[in-house]
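Here is how the chains run, residue by residue.
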Amino acid sequence: MGHMKPLWTDGNITEQDYLDSLSWMAERYKGDDTIIAYDLKNEPHGKQNESPRAKWDDSKDSDNWKYIAEKAANAVLDKNPNVLVMVEGIEIYPKDIKKNGNFGSQNEDDYFFNWWGGNLRGVADNPIDLGNRQNKLVYSPHDYGPAVYEQPWFEGGYTYDSLYKDCWYDNWFFLQDEGTAPLLMGEWGGFMDGGKNEAWMTYLRDFMIENRIHHTFWCFNENSGDTGGLVYDNFGKWDEEKYALVKPSLWQNESGKFISLDHTIPLGENGISLSEYYSDSTDPTIPSFVLGDVNEDSKVNIFDSVLIRKYLLTGEAEINYDNADMNDDGTVNVADLVMLNSFLIS
């Protein structure tokens, strides 16, 4: 659905049409390893007095985003079990779910409000359940500054600490803090105004760096009316000032080289591969996890293949189980050996 529509249905476009379109895309692009995730719906929203509007509860109602998101996630994963599925929040959530758990109240004072897609409070009461596919789930809120809309937490001035207390923690950061599921800030960005909006961008950037939150910046294009982009003047110029604000939040090593998500292919001329980063960095927070590095020598090569083979034949070889589980299905078997050999050959 278009980005302005509150739900995943509209007019003669049905829920089944929506699910079928996700299945079609997942099937069509399952061989394209540049597609690593599907954002299931952009910015579900709607206020208490609007119809339709998205809600989040334990029902099987057609406007319950939690229920529909589970169906949508499975529609994707049925076709491609190797991708991630991203679930955004909604706009409102009841302050008292015992009295208003069905979102029936028309009184705005009965709800917590947030950005479209930014309110994930409902996960605390009714988390997304994907069964044995739970490790494919990523929650992905959107967050913006006062140049987009003067939300209540901006009124009268604000600080890093007040934003954390009044908005960020209860709407989405609790998910990472409590270890509920991975978190990706799906959209953040705005105009460089030298004032309130730029201050908000700086606060959120610093918060994401401090807490190692994954994120994607909105946006590259200049024609976003609410935020502008990283290019301007008919796409002919690069906004160095805005990029200087964003750059510290991009994944880099100690030498300023950008880190790829690929284990072997560097990210551009000033980049390194994931395997290079894990093997070279002295950062103590980096896990010792390198997919395919079965013998934990910080390399992925034929010796890892030999070790998996020995493990499968005898059960006696010592392996790093997580690194050997190439397809992330919780077991190490011949399918993982085949995937590792295919990787080494390519």
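Before reading on, note that the structure itself is shown above.
Residues numbered from 1 in each chain as written. Predicted model: local features only at pLDDT ≥ 70, side-chain atom pairs only at ≥ 80, totals over all residues. Heavy atoms only, no water.

S.K.: Whenever I open this one, the overall build of the protein chain confuses me. Can you help?
M.R.: The secondary structure content of the protein chain amounts to 11 helices and 11 strands. Radius of gyration (C-alpha) of the protein chain: 22 Å, near the 20 Å computed for a compact globule of 346 residues. Along the longest, intermediate and shortest principal axes, the C-alpha atoms of the protein chain span 65 × 45 × 35 Å. For the protein chain, the proportion of its 346 residues judged to be buried stands at 44%. Of the contacts made within the protein chain by residues no fewer than 6 positions apart, 60% connect residues no fewer than 24 positions apart. With the model as given, the accessible surface of the protein chain reaches about 18,100 Å², and the carbon-plus-sulfur share is 50%. The averaged location of the 60 negative side-chain charges in the protein chain is 4 Å from the averaged location of its 28 positive side-chain charges. (Helix = DSSP H or I, 4+ residues; strand = E, 2+ residues; numbered from the N terminus. Rg over C-alpha atoms; globule rule 2.2 N^0.38 Å. Buried < 20%, exposed > 50% of the residue type's maximum accessible area, 1.4 Å probe, protein only. Contact = heavy atoms within 4.5 Å. Areas by Shrake-Rupley, 256 points an atom, 1.4 Å probe, with all protein chains shown as cover. Lys, Arg positive; Asp, Glu negative; His and termini not counted. Charge placed at Lys NZ, Arg CZ, Asp CG, Glu CD.)

S.K.: Which parts of the structure should I look at to understand the pairing of strand β2 (residues 84-87)?
M.R.: The side chains of a regular strand alternate, residue by residue, between the two faces of the sheet. In the sheet, strand β1 (residues 37-39) pairs with β2 via three bridges, with the strands oriented parallel. When the bridges of β2 are listed, Tyr38 appears paired with Val85. Bridge analysis of β2 against strand β5 (residues 137-139) gives three bridges, and the strand direction is parallel. In the sheet register, Val87 faces β5, and the bridge partner there is Tyr139. (Pairing = 2+ DSSP bridges.)

S.K.: How do you make sense of the packing of helix α9 (residues 302-314) against helix α11 (residues 334-345) when you look at a structure like this?
M.R.: Between two packed helices, both the angle of their axes relative to each other and the distance between the axes serve to describe the pair. Between α9 and α11, whose axes approach to 10 Å, the crossing angle comes to 165°. Taken together, the axes of α9 and α11 are roughly antiparallel relative to one another. Considering the relative orientation of α9 and α11, their crossing is left-handed. Of the residues in α11, those touching α9 at Ile302, Asp304, Ser305, Ile308, Arg309 and Leu312 are Val334, Leu337, Leu340, Asn341 and Leu344. Considered class by class, the residues forming the contact of α9 with α11 number seven nonpolar, two polar and two charged. (Axes fitted to C-alpha atoms, helices over the stretch in contact; angles between N-to-C directions. Parallel < 35°, antiparallel > 145°, perpendicular 65-115°, else oblique. Left-handed = near helix turned anticlockwise from the far one by under 90°. Nonpolar A, V, L, I, M, F, W, Y, C, P; charged D, E, K, R; others polar.)

S.K.: How should I be thinking about the packing of aromatic side chains in this particular structure?
M.R.: Any aromatic ring pair is given by two values, namely how distant the centres are and how the planes are angled relative to each other. This structure, assessed with the given rule, holds 23 aromatic pairs. A ring pair is formed by Tyr160 and Tyr203, whose centres lie 6.4 Å apart and whose planes are at 80°; its orientation type is edge-to-face. Of the two residues, Tyr160 is situated in helix α5 (residues 160-177) and Tyr203 in helix α6 (residues 196-210); the sequence distance between them amounts to 43 residues. Given a relative accessible area of 21%, Tyr160 falls into the partly exposed group. Using a relative accessible area of 25% as the deciding quantity, one classes Tyr203 as partly exposed. (Phe/Tyr/Trp six-rings, centres within 6.5 Å; stacked < 30°, edge-to-face > 60°.)

S.K.: I keep staring at the side chain of Asn64 and nothing clicks. Help me out?
M.R.: With respect to the element layout, Asn64 can be found in the loop between β1 and α2 (65-79). A relative accessible area of 0% means that Asn64 is categorised as buried. In this structure the side chain of Asn64 is engaged in a polar contact, spanning 3.1 Å, whose partner is the backbone oxygen of Asp57. Within polar-contact distance, the side chain of Asn64 engages the backbone oxygen of Ser59 at 2.7 Å. Once you skip the residues sitting within four places of it in the chain, Asn64 turns out to touch Trp8, Lys55, Trp56, Asp57, Asp58 and Ser59. (Polar contact = N/O pair within 3.5 Å; in protein donor to acceptor, adjacent residues only side chain to side chain.)

S.K.: Is there a simple way to think about the packing of α5 against α6 in this case?
M.R.: Close contact between α5 and α6 brings their axes to 11 Å; oriented N to C, the two are set at 60°. In terms of orientation, α5 lies oblique with respect to α6. The handedness of the crossing between α5 and α6 is right-handed. Taking contact as the criterion, the partners of Tyr160, Leu163, Tyr164, Trp168, Trp172 and Phe173 in α5 are, on α6, Trp200, Tyr203, Leu204, Asp206, Phe207 and Glu210. In the contact of α5 with α6, the residues fall into 10 nonpolar, no polar and two charged.

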